[in-house]
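Okay, here's what each chain looks like letter by letter:
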2 protein chains.
Amino acid sequence: MVTKTLRQQKALETKQRILRTALALFSAKGFDHVSVDEIVRESATSKGAFYGHFASKYDIFLEKFKEIDQFYSEFQQNLPDELPAEDKIRKLAIAQMMYLREELGRDGTRALYAYALTPSVDNYLSDTERPLYAVLESFISAGQKSGELASTASAKRLTMLLSRSMRGTLYDWAIFDGDFDLAAEIDEWLELLFTGLRV
Amino acid sequence: MVTKTLRQQKALETKQRILRTALALFSAKGFDHVSVDEIVRESATSKGAFYGHFASKYDIFLEKFKEIDQFYSEFQQNLPDELPAEDKIRKLAIAQMMYLREELGRDGTRALYAYALTPSVDNYLSDTERPLYAVLESFISAGQKSGELASTASAKRLTMLLSRSMRGTLYDWAIFDGDFDLAAEIDEWLELLFTGLRV
DNA sequence: CATTTTCATAGACCGCAGTCTATAATCTAT
DNA sequence: ATAGATTATAGACTGCGGTCTATGAAAATG
């Protein structure tokens, strides 16, 4: 449904002006140091306009975060099919971490993870329909079929547990000060997980 | 330094009145549905008194959370020494989950994890000096010495990764609606981690 | 065209966590 | 005992995210 009326046209312009302004401000000053009033002032709009287009200050941010879905499908398409399942999973995990580091940054990730904890919000993180799950599950499922991966748990279940590991790593990245090499952390973690802790 | 003057005595009473009132309200209505104004009103004190005694609304809550440290040391003392390292770790993890479920609840845990994401706050979660780390590390270290556990990573490192798993599980508990059996989740997770994913 | 309806926007307003300032009760020193 | 310093507390105030109401311009209706 392409934009039709003048009204819709103008509304869309307003929305995009807000979006651009907000992202620029977030990028310049960090999510927590930009107020909605500031966004509204800077984009010469109003609170009414802002909340007409976005559900919350975080929502605007989510818009950006969801671009990661695009990233996932591209990733899947560009990956050689014959790679071992383990390698695919590791590459995905590392790529995801690097993507978030570059695109959202620590501040952004922190804000996103905090928002997901807001009561009664259908946060994107816990949406098991998002592409991350689909991609991961396809890798795991293939790995189980080919006998590379243990089948003690279902592919769906393993997908949940693996994605949880990623969330845990990202959460720690957000709360720990000092050096924290996201890619190295997830890599070491997966190595451990694949090998197992026993003996 | 035992309380000396009348002033100190009264101040302490005020503090405890606030604390009791706040915890009762949190327990009754959930952390997010209790305002500082309400605590102050209900305890017949003032904002000045509140923030004189507590750094933030979350701080008061942390006071309660830190009781878990007591729990850890008791746990360690009551555990048979000759138990395999793996069992000790699993029991600890499960006990911790049950403790949090009972004492903080999902709302409380959610609030705690959200607070830890507040920028520039020396959040308790990321304090590697807290007893959880010490207890876990002692189990892991013993397990490595006796040859039960892999020594590919240092005990300190494994402690971090294991505690991260717990944080990840608790985080997911907080963000996912519906059924989520904390104890079962961590148990299944540890089983996987000990065994490894390969073959 | 004239009218009625819709709806994007402006900005006053609310509730909240946290800060600041004033004050009076208590403590200390002489 | 009195004067002066200290400090726990009261409560006005700020800044924030988010809501609500009013309004005028654009769209639909006839």
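Scroll up to find the structure this text is about.
Predicted, not measured: the structure shown is a model, and the values here were computed from it.

## Digging into the overall build of chain A
Along chain A, the regular secondary structure elements total 10 helices and zero strands. Structurally, chain A occupies a C-alpha span of about 60 × 45 × 30 Å along its principal axes. Split into buried and exposed, the 199 residues of chain A put 51% on the buried side. Taking the intrachain contacts of chain A between residues at least 6 apart in sequence as the baseline, contacts between residues at least 24 apart amount to 64%.

## Topic: the protein's contact with DNA strand C
Among the 21 residues in the neighbourhood of DNA strand C, the closest are listed as Thr14 and His53 of chain A together with Leu6, Arg7 and Lys47 of chain B. Restricting attention to atoms of DNA strand C within 4 Å of the protein, one finds that 59% of them are sugar or phosphate atoms. Between Thr14 of chain A and DNA strand C, the recorded distance is 2.4 Å, taken from a side-chain N or O atom to a phosphate oxygen. Contacts to DNA strand C include Val36 of chain B, whose backbone N or O atom sits 2.8 Å from a phosphate oxygen. Considered class by class, the residues forming the surface near DNA strand C number six nonpolar, eight polar and seven charged.

## Looking at the protein's contact with DNA strand D
Lining the immediate environment of DNA strand D, one finds 21 residues, of which Leu6 and Lys47 of chain A together with Thr14, Ser46 and His53 of chain B sit closest. Here DNA strand D approaches the protein such that, of its atoms within 4 Å, sugar and phosphate make up 62%. Lys57 of chain A places a side-chain nitrogen or oxygen 2.9 Å from a phosphate oxygen of DNA strand D. Elements that contribute at least two residues to the surface near DNA strand D include exactly helix H1 (6-29) and helix H3 (47-53) of chain A together with helix H1 (6-29) and helix H3 (47-53) of chain B. Here the surface near DNA strand D is built from residues that sort into six nonpolar, eight polar and seven charged.

## Focus on the layout of surface pockets
Approximately 290 Å³ is the volume found for the largest pocket. Contributing to the lining of the largest pocket are 19 residues, with Tyr58, Ala114 and Thr118 of chain A together with Tyr58 and Ala114 of chain B lying nearest its centre. For the lining of the largest pocket, the secondary-structure elements that each account for two or more residues are helix H7 (105-116) of chain A together with helix H7 (105-116) of chain B. For the lining of the largest pocket, the per-class residue count stands at 13 nonpolar, two polar and four charged. The volume enclosed by the second largest pocket comes to roughly 230 Å³.

## Some words on the relation of the copies chain A and chain B
In the superposition of chain A on chain B (RMSD 0.1 Å, axial shift 0.0 Å), the rotation amounts to 180°. Viewed as a symmetry operation, the transformation between the two copies matches a two-fold axis. Residue Gly196 of chain A, judged by its C-alpha, is the member of chain A lying nearest the rotation axis, at 1.7 Å. Taken as a fraction of all interface residues of chain A, those also at the interface in chain B reach 100%, which identifies the copy contact as same-surface.

## Quick word on the environment of Asp69 of chain A
Residues and elements named next belong to chain A. Following the sequence through the fold, Asp69 ends up in helix H5 (residues 67-78). Looking at Asp69, the relative accessible area reads 17%, which means it is buried. Once the C-alpha coordinates of Asp69 and Lys88 are considered, the two residues, 19 residues apart in sequence, prove to be 17 Å apart. Residues in contact with Asp69, not counting those within four places in the same chain, are Tyr124 and Pro131.

Reading guide: rules and limits
Residues numbered from 1 in each chain as written. Chains lettered and ligands numbered in written order. Predicted model: local features only at pLDDT ≥ 70, side-chain atom pairs only at ≥ 80, totals over all residues. Heavy atoms only, no water. Helix = DSSP H or I, 4+ residues; strand = E, 2+ residues; numbered from the N terminus. Buried < 20%, exposed > 50% of the residue type's maximum accessible area, 1.4 Å probe, protein only. Contact = heavy atoms within 4.5 Å. Near = heavy atom within 4 Å. Polar contact = N/O pair within 3.5 Å; in protein donor to acceptor, adjacent residues only side chain to side chain. Nonpolar A, V, L, I, M, F, W, Y, C, P; charged D, E, K, R; others polar. 1 Å grid on protein atoms, 1.4 Å probe; cavity = no way out; pocket = protein on both sides within 12 Å on 5 of 7 lines; lining within 4 Å. Points joined across faces, edges and corners; volume = space filled by probe spheres on them. Least-squares fit on C-alpha atoms with pLDDT ≥ 70 in both.

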